[in-house]
Amino acid sequence: MTDPTAGARAAADAADAVARAYRDEWARVVATLIRATGDWDVAEDATADAFERAARRWATEGVPRNPGAWLTTVAKNRALDVLRRRGVETGKVREWMAMDELTGGGASDDPAELAAAGPEWDDRLRLVFTCAHPALPIEARVALTLRTVGGLDTAEIARAFLVPEATMAQRLVRAKRKIRHAAIPYRVPSADELPERLGGVLAVLMLVHNEGYLASSGDRLLRLDLQEEAIRLARLVVELLPDADEARALMALLLLQHARSAARVDGEGELVPLDEQDRSRWNHAEVAEGLALLANTPSDPGTIGTYRVQAEIQAVHARARTAGETDWTEIVGWYDALLAASPSPVVELNRAVAHGLAGDTTLALAELDRLEASGQLGDHHLLAAAQADLLRRNGRTEDAAARYRDAIRLAPTGPERRFLERRLAALDAG
Amino acid sequence: MRYMMFVATDPEAEPFVAEEDDIGDWVADVDARGVRVFGERLRPVQDATLVRVRGGELLVTDGPFTESKEWIAGFDVLDCRDLDEAIEIAGRHPMARFGRIELRPLWPLDVEEDPTAREVREVREDDDRGRRSEPAVGA
């Protein structure tokens, strides 16, 4: 007797397995194919084709025991077909066959095994570094990382960055053309180049995160959570380079920020500031993971990186059970460290705010006045908002109202504007 | 991979310090490594001659039209493993500090095919790739 639901269940299992493989294996398969073919487009197309076949065949034939190996084999065969059909590139095919023979012909098609047996590095790490190569324009680095390492499709990336799909497609095409024409290498940088180039990779991930953060606080509704993508990519970099302290610190920073996503916006889509957030709505698994990453990373004060300092600031917030328990004096200390490492007027602004919350509103206002006089922040709404807040705390209601009105005029997004309007209204009511 | 390395002046670069000009060491190093195919300094723009043909008429004039602040002071043709090696070599040239350096990959002339036609074809092929549909799974 056949169970009529068995077929449907097998199809659902197969769909799950394909989705999981897509998330876990895309980067591995495409990275291996790029190394094998030296052609980014052939590699990407063959990998996409392998996943399409998996979607069809796993439903009827069952999910293979090792999906990654299955996908790599199918993608390799597909790439070989394409290269053979082109005819002109027989040299490349021959090279590839030679490589297969070098690995013993019957070598494993399991990319995980290949990586473990590989000379030095996982192919995915080559991919990460090449996508973030400084010779590519920064927007192309971000797009290429999301497309090739993250496996996101061009349309999704385009929507997330608010550009037409054709523009994003062109950006990716140009980047791949430059990799080919300028011979940007497909390799992990040498030990002496590594710290600087890793900084470039982390900067790309930070940009992905920031774009996601902006989107979630603006008037934009997105299907794609770029902050989650940034975490997924950071997790991969940490897995590949477990000794890179700044990569771990960045991952902690991203987790601690993302943990607050649900509490940052209320039911009406309005912005909820940190001190008013319902902390039970924070993602406590992400908080715990972020704090654990920091706890397990040595922090030599002499060489402490800027991502580490930023993560430590978020960790102080994460450890406070209520806003009132926040150790603002510790935060001031971290901002001092951040200013010493990389001076910026925005960091000075944040340090002044921290001084105010640590209790010294007079010092805070003096610092903000100095910052305003320096003109470094121009007409920044956050400067006006911070001054308004401190003036309110000092009981200078009229001055505070005037600065809130300036901040409202300067605020770039609807939710920020409405948040400041609520603060102004509360001031008038109080 | 071959690159043309243009060595140019740059008014925003660090000021030239004669004692720190280690061009001799640079040349000795790249020649020992066999990565420099050919290279020379160029006489200043005052010694340049401009040649054009307009309406079938040969026009010869003195130097460029305008006094540019950045001009090419020399060049080297590098033969490197890849761009990273070229960057490493360019970064140690003294004019990376006192001026700036531009690396341009050579675009070998394919005698079988007109280069303009090839670029048009490549752009079209690449555009087609960019437009192609994405995989159905994992979306």
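Report follows, based on the coordinates.

Thresholds applied
For every chain, the first residue of its written sequence is number 1, and the numbers climb from 1 along that sequence. Each chain takes a letter, starting from A, and each ligand takes a number, starting from 1, following the order in which they are written. The predicted origin of the model limits local features to residues at a pLDDT of at least 70 and limits the giving and counting of side-chain atom pairs to 80 or more, whereas totals for whole chains, interfaces and linings rest on all residues. Comment: elements are numbered from the N terminus, with helices defined as DSSP H or I runs of at least four residues and strands as E runs of at least two. Exposure in this text rests on C-beta crowding, where 20 or more other C-beta atoms within 10 Å of a residue's own make it buried, 12 or fewer make it exposed, and counts in between make it partly exposed. The C-beta atoms are placed from the backbone. We call two residues in contact when the distance between their C-beta atoms, placed using the backbone, is within 7 Å. By this rule the span expected of a helix is its residue count minus one, scaled by 1.5 Å. In this context, the arc is that of the directions from the helix axis out to the C-beta atoms. Axis angles are defined between N-to-C directions and span 0 to 180 degrees, where every axis is a line fitted to C-alpha atoms and, for a helix, only to the segment in contact. The labels follow the angle: roughly parallel below 35 degrees, roughly antiparallel above 145, roughly perpendicular from 65 to 115, and oblique for the rest. Should the near helix be turned counterclockwise from the far one by less than a right angle, the crossing is left-handed, whereas a clockwise turn marks it as right-handed. At least two bridges found by DSSP between two strands is the condition for calling them paired. By definition, a nonpolar core groups buried Ala, Val, Leu, Ile, Met, Phe, Trp, Tyr and Cys residues that are joined through C-beta atoms within 7 Å.

### Focus: the overall build of chain A
- Counting its secondary structure elements, chain A contains 21 helices and 0 strands.
- Taken over 430 residues, chain A has a buried fraction of 42%.
- Looking at chain A alone, contacts between residues at least 24 apart form 62% of all its contacts between residues at least 6 apart.

### Remarks on helix H18 (residues 361-374) of chain A
Residue and element names in this part refer to chain A.
- Look at H18: 20 Å from first C-alpha to last across 14 residues, which is about the 20 Å you get at 1.5 Å a residue.
- The complete set of buried residues in H18 reads Ala364, Leu365, Glu367, Leu368 and Leu371. One side of H18 carries all its buried residues, which in axial view fall inside an arc of 160 degrees. Across from the buried face of H18, at angles greater than 90 degrees, the exposed residues are Thr362, Asp369, Arg370, Ala373 and Ser374.
- Considering only its buried residues, H18 is in contact with helix H17 (345-357) and helix H19 (381-393).
- Looking at the residues trailing H18, positive phi occurs at Gly375, about 70 degrees.

### Thoughts on the packing of H17(A) against H18(A)
Residue and element names in this part refer to chain A.
- The contact between H17 and H18 brings their axes to 7 Å, and the two run at 160 degrees. If you check the angle between H17 and H18, you find them roughly antiparallel. Judged by the twist between their axes, the crossing of H17 over H18 is left-handed. Residues Pro345, Glu348, Leu349, Ala352, Val353, His355 and Gly356 of H17 form the contact with H18, whose participating residues are Thr361, Leu363, Ala364, Glu367, Leu368 and Leu371.

### Observations concerning the sheet that holds strand E5 (residues 72-79) of chain B
Residues and elements named next belong to chain B.
- Strand order in the open sheet formed by 4 strands is E2-E5-E1-E6, and the pairing between neighbours is antiparallel. Two strands bound the open sheet, and with one partner strand each, they are strand E2 (36-41) and strand E6 (99-105). Taking the axes of each pair of neighbouring strands and ignoring which way they run, one obtains an average angle of 15 degrees across the sheet.
- The sheet contact formed by E2 and E5 spans 5 bridges and is antiparallel. Residue pairing for E5: Glu40 is matched across the bridge by Phe75.

### Observations concerning the pairing of E5(B)
- In this sheet, E5(B) lies alongside strand E1 (residues 2-9) of chain B in antiparallel orientation, the contact comprising 7 bridges. Bridge pairing in E5(B) places Val7(B) opposite Gly74(B).

### Some words on the nonpolar core
Residue and element names in this part refer to chain A.
- Judged by nonpolar contacts, the single largest core of 98 residues is most densely connected at Ala234 and Leu250.
- For this core, the element with the highest residue contribution is helix H1 (residues 4-37), accounting for 12 residues.
- Setting aside anything within four residues of it in sequence, one finds Ala234 in contact with Leu205, Ala247, Leu250, Met251 and Leu254.
- Formed by 32 residues, the second largest nonpolar core is a distinct cluster that contains Ile304, Trp334, Val353 and Ala354.

These figures capture arrangement, not role.
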